[in-house]
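Each chain, written out:
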Amino acid sequence: MTQDTATSVLVAGSGIAGCAAAILLAKAGVAVDIVESQPRERASGSGITLQGNALRVLSHLGVWDEVAEHGYGFDTLGIRAPDDNGTLIVEMPDAKTGGPDLPAAMGMERPVLAAMLREAADLAGVKSRFSTEVTTLGQDADGVDVEFSDGSRGRYDVVIGADGVKSATRRALGIDVEPAPTGMGIWRVLCSRPESITRTDLYYGGIGYIAGYCPTGEDSMYAYIVEDAQDRSGLSDVERLEIMRSLAEHYHGPWDDIRALITDASRINYTWFESHLLEEPWNRGRVVLIGDAAHVCPPTLAQGGAQALEDAAVLAELLVSMPVGADLWRTFHERRLPRAGAVVNGSLQLGQWMLDNDPAADVPGLMGRIAALVSAPA
Ligand SMILES: Cc1cc2nc3c(=O)[nH]c(=O)nc-3n(C[C@H](O)[C@H](O)[C@H](O)COP(=O)(O)OP(=O)(O)OC[C@H]3O[C@@H](n4cnc5c(N)ncnc54)[C@H](O)[C@@H]3O)c2cc1C
């Protein structure tokens, strides 16, 4: 570290972005506190597909061995037809965006990934507090004064808002942006992994826009079906099971195995796709937003988590090598905005082509362009 670099950082949010930034900063000798609004054990969610560029950052964090042990890596992508046999149309090598030594993609259970990152933060010396939030932020030229919901206070060189799509930090900075629904909703289920599922296959069309699945471990996987966004609130467990199973009846091949495993409503999740992209700057003075707090894409390219990790890695690199000030923020935006923006816009475009049933859609071309972009280190 040089003399004027940040020596104390507060991170709000111990999700993917927050933990990654905290681990890298703490390993470089910065004193890092995290506050997370949820209890430690509450990390929930379905599965996540970590593309190679996400794996590259996880490897940089020093958690590759744990990721490899608990996740399920694969190097090919299948495209199947939504017909009576789930006909395999093509099996293609998936882009190795993290380099030749890492799998093209890896599925993981979200709670497993969260627990692993929080543990790595503990080991790096990060001080994490759960069920705690920032209540006030006030800054001057030299630092940020923070009050917390547990009544404590602190002063930090920099505050990182990594508190997700509904970011309270973003609101506290007076940035008036709300994610907009894209028109699609997704049913997801976590279940045990049949032997027939060893990679992601995507089915475009049929009753939904996309149906797919991803192995997340030797014994687990998640499957999903994307439909027009609709009000699915207030459904009973029985109704949720019925809807997901009846949608799944329209897909075959490995889906015939999956359907029989959709038995536990507590493992089914329904959510709308949303999107937003903050224009520059992502900081106000010494407070900066990363991950979903700064940009959200519909998961049509499965890149949201990867972009959150890249934000964290680039920000940590700059905070330990440059004085906190205009040059640092300019460099951060130059490195992050074009790339995260291209991913958000590409993800939106892909979804819009499906919504419009656009015959001119160049899906392989778009996927290839984004893969080429994210293959270069962030
Ligand atoms: C349906 C769906 C499927 C997806 N699939 C994929 C995929 O396959 N691959 C992929 O890479 N990405 C995927 N994503 C995107 C990915 O989940 C997000 O981009 C990623 O989780 C963003 O990480 P984050 O750390 O910025 O935010 P989060 O993961 O949301 O973490 C934010 C954290 O902040 C905490 N928090 C919230 N408010 C406060 C507060 N006031 N104070 C303190 N803490 C707070 C939250 O509890 C949470 O722990 C998907 C998204 C959706 C919606």
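As a reminder, the structure under discussion sits directly above these lines.
Anyway, here's the lowdown on the structure attached to this text. A quick note: this is a predicted structure, and the numbers were derived from the prediction, not measured. (Residues numbered from 1 in each chain as written. Predicted model: local features only at pLDDT ≥ 70, side-chain atom pairs only at ≥ 80, totals over all residues. Heavy atoms only, no water.)

### As for the overall build of the protein chain
When helices and strands are counted, the protein chain shows 10 helices and 20 strands. Projecting the C-alpha coordinates of the protein chain onto the three principal axes gives extents of approximately 65 × 40 × 40 Å. Across the protein chain, the fraction of contacts at a sequence separation of at least 24, relative to all contacts at a separation of at least 6, is 71%. Working note: accessible area of the protein chain is about 15800 Å², and carbon and sulfur atoms make up 49% of it. In the protein chain, 30 side chains carry a positive charge and 52 a negative one; their mean positions are 3 Å apart. (Helix = DSSP H or I, 4+ residues; strand = E, 2+ residues; numbered from the N terminus. Contact = heavy atoms within 4.5 Å. Areas by Shrake-Rupley, 256 points an atom, 1.4 Å probe, with all protein chains shown as cover. Lys, Arg positive; Asp, Glu negative; His and termini not counted. Charge placed at Lys NZ, Arg CZ, Asp CG, Glu CD.)

### Brief notes about the nonpolar core
In terms of nonpolar packing, the biggest core is built from 73 residues, with Leu58, Val158, Ile160, Ile290 and Leu319 touching the most fellow members. In terms of nonpolar packing, the next biggest core, distinct from the first, is built from 26 residues, Met184, Tyr209, Phe273 and Val344 among them. (Core = buried A, V, L, I, M, F, W, Y, C linked by side-chain atoms within 4.5 Å. Buried < 20%, exposed > 50% of the residue type's maximum accessible area, 1.4 Å probe, protein only.)

### Overview of the side chain of Arg199
Positionally, Arg199 belongs in the loop between strand S13 (180–191) and strand S14 (200–204). In this structure Arg199 comes out as buried when scored by relative accessible area, which is 10%. Of the polar contacts made by the side chain of Arg199, one reaches the side chain of Glu91; its length is 3.1 Å. With residues near it in sequence (within four places) discarded, Arg199 still touches Phe74, Thr76, Leu77, Gly78, Arg80, Leu88, Glu91, Tyr213 and Pro215. (Polar contact = N/O pair within 3.5 Å; in protein donor to acceptor, adjacent residues only side chain to side chain.)

### Here we look at the packing of aromatic side chains
On inspection of all chains with the given rule, the structure shows 7 aromatic pairs. A ring pair is formed by Trp187 and Tyr270, whose centres lie 4.7 Å apart and whose planes are at 45 degrees; its orientation type is tilted. Note that Trp187 is positioned in strand S13 and Tyr270 in strand S17 (residues 268–277), a separation of 83 residues in sequence. On the basis of an interplanar angle of 65 degrees and a centroid distance of 6.2 Å, the ring pair of Tyr203 and Tyr213 is categorised as edge-to-face. Highlighted residues: Tyr203 in strand S14 and Tyr213 in strand S15 (residues 210–217), separated in sequence by 10 residues. Accessibility assignment for this pair places Tyr203 and Tyr213 in one class, buried. A network of ring pairs unites the aromatic residues Tyr203, Tyr213, Tyr251 and Trp255 as a single cluster. It is Arg129 that lies over the ring of Phe148; its NZ or CZ is 4.4 Å from the centre. (Phe/Tyr/Trp six-rings, centres within 6.5 Å; stacked < 30°, edge-to-face > 60°. Lys NZ or Arg CZ within 6 Å of the ring centre and 35° of its normal.)

### Points about the site of the ligand
Lining the immediate environment of the ligand, one finds 30 residues, of which Ala17, Glu36, Thr49, Asp292 and Gly305 sit closest. Taking Glu36, its side chain carries an N or O atom lying 2.6 Å from an oxygen atom of the ligand. Note that an oxygen atom of the ligand is positioned 2.8 Å from one of the side-chain N or O atoms of Asp292. Going through the elements one at a time, helix H1 (16–27), strand S3 (47–51), helix H4 (110–124), S13 and helix H8 (304–319) are the ones with two or more residues in the shell around the ligand. (Near = heavy atom within 4 Å.)

### Details of unusual backbone geometry
Note that the residue after Glu280, namely Pro281, is joined by a cis bond; omega there is 0 degrees. For Ser131, which is not glycine, the phi dihedral falls at a positive 50 degrees. In this fold, Ser131 is placed in the loop between strand S8 (127–129) and strand S9 (134–139). Phi is positive for Ala302, close to 50 degrees, though the residue is something other than glycine. Here Ala302 shows up in the loop between strand S20 (295–296) and H8.

### With respect to the sheet that holds strand S4 (residues 72–74)
An order of S3-S7-S4 is seen for the 3 strands of this open sheet, with the pairing classed as antiparallel. Looking at strand neighbours, the two that pair on one side only are S3 and S4, the edges of this open sheet. Looking at each pair of strands side by side, their axes are set apart by 20 degrees on average, direction ignored. Pairing analysis gives 5 bridges linking S3 to strand S7 (residues 105–109), with the strands arranged antiparallel. Its bridge partner being in S7, Gln51 is matched across the sheet by Ala105. The sheet strands contacting helix H2 (residues 52–61) are S3 and S7, and the helix crosses S3 at an angle near 85 degrees. (Pairing = 2+ DSSP bridges. Axes fitted to C-alpha atoms, helices over the stretch in contact; angles between N-to-C directions.)

### Section: the pattern of salt bridges
For the structure shown, the criterion picks out 18 salt bridges. Here Asp75 ties to Lys96 by a salt bridge, and the two come within 3.8 Å at their closest N and O atoms. A residue pair is termed long-range when its members are at least 10 positions apart, and Asp75 in the loop between S4 and strand S5 (76–80) and Lys96 in the loop between strand S6 (88–93) and S7 qualify at 21 residues. Assessed through its relative accessible area of 37%, Asp75 is described here as partly exposed. (Salt bridge = Lys/Arg side-chain N within 4 Å of Asp/Glu carboxyl O.)

### Looking at helix H6 (residues 237–248)
Across its 12 residues, H6 extends 17 Å between first and last C-alpha, which sits within 8% of the 16 Å expected from 1.5 Å per residue. When we look at burial in H6, the residues that qualify are Arg240, Leu241, Ile243, Met244, Leu247 and Ala248. Down the axis of H6, the buried set is contained in an arc of 165 degrees. They therefore lie on one face. Residues of H6 that are exposed and angled more than 90 degrees away from the buried face: Val238 and Glu242. Of the surrounding elements, those touching the buried residues of H6 are S13, strand S16 (220–228), helix H7 (255–259) and S17. (Expected span 1.5 Å × (residues − 1). Arc of directions from axis to C-beta.)

### Some thoughts on the packing of H8 against helix H9 (residues 326–356)
The interhelical angle for the contact between H8 and H9, taken along N-to-C directions, is 170 degrees, at an axis separation of 10 Å. By the angle class used here, H8 and H9 are roughly antiparallel. For H8 against H9, the interelement crossing comes out right-handed. In this structure, H8 contributes Gln307, Glu310, Asp311, Val314, Leu315, Glu317, Leu318 and Leu319 to the contact, and H9 contributes Leu328, Trp329, Thr331, Phe332, Arg335, Arg336, Arg339, Ala340 and Val343. (Parallel < 35°, antiparallel > 145°, perpendicular 65-115°, else oblique. Left-handed = near helix turned anticlockwise from the far one by under 90°.)

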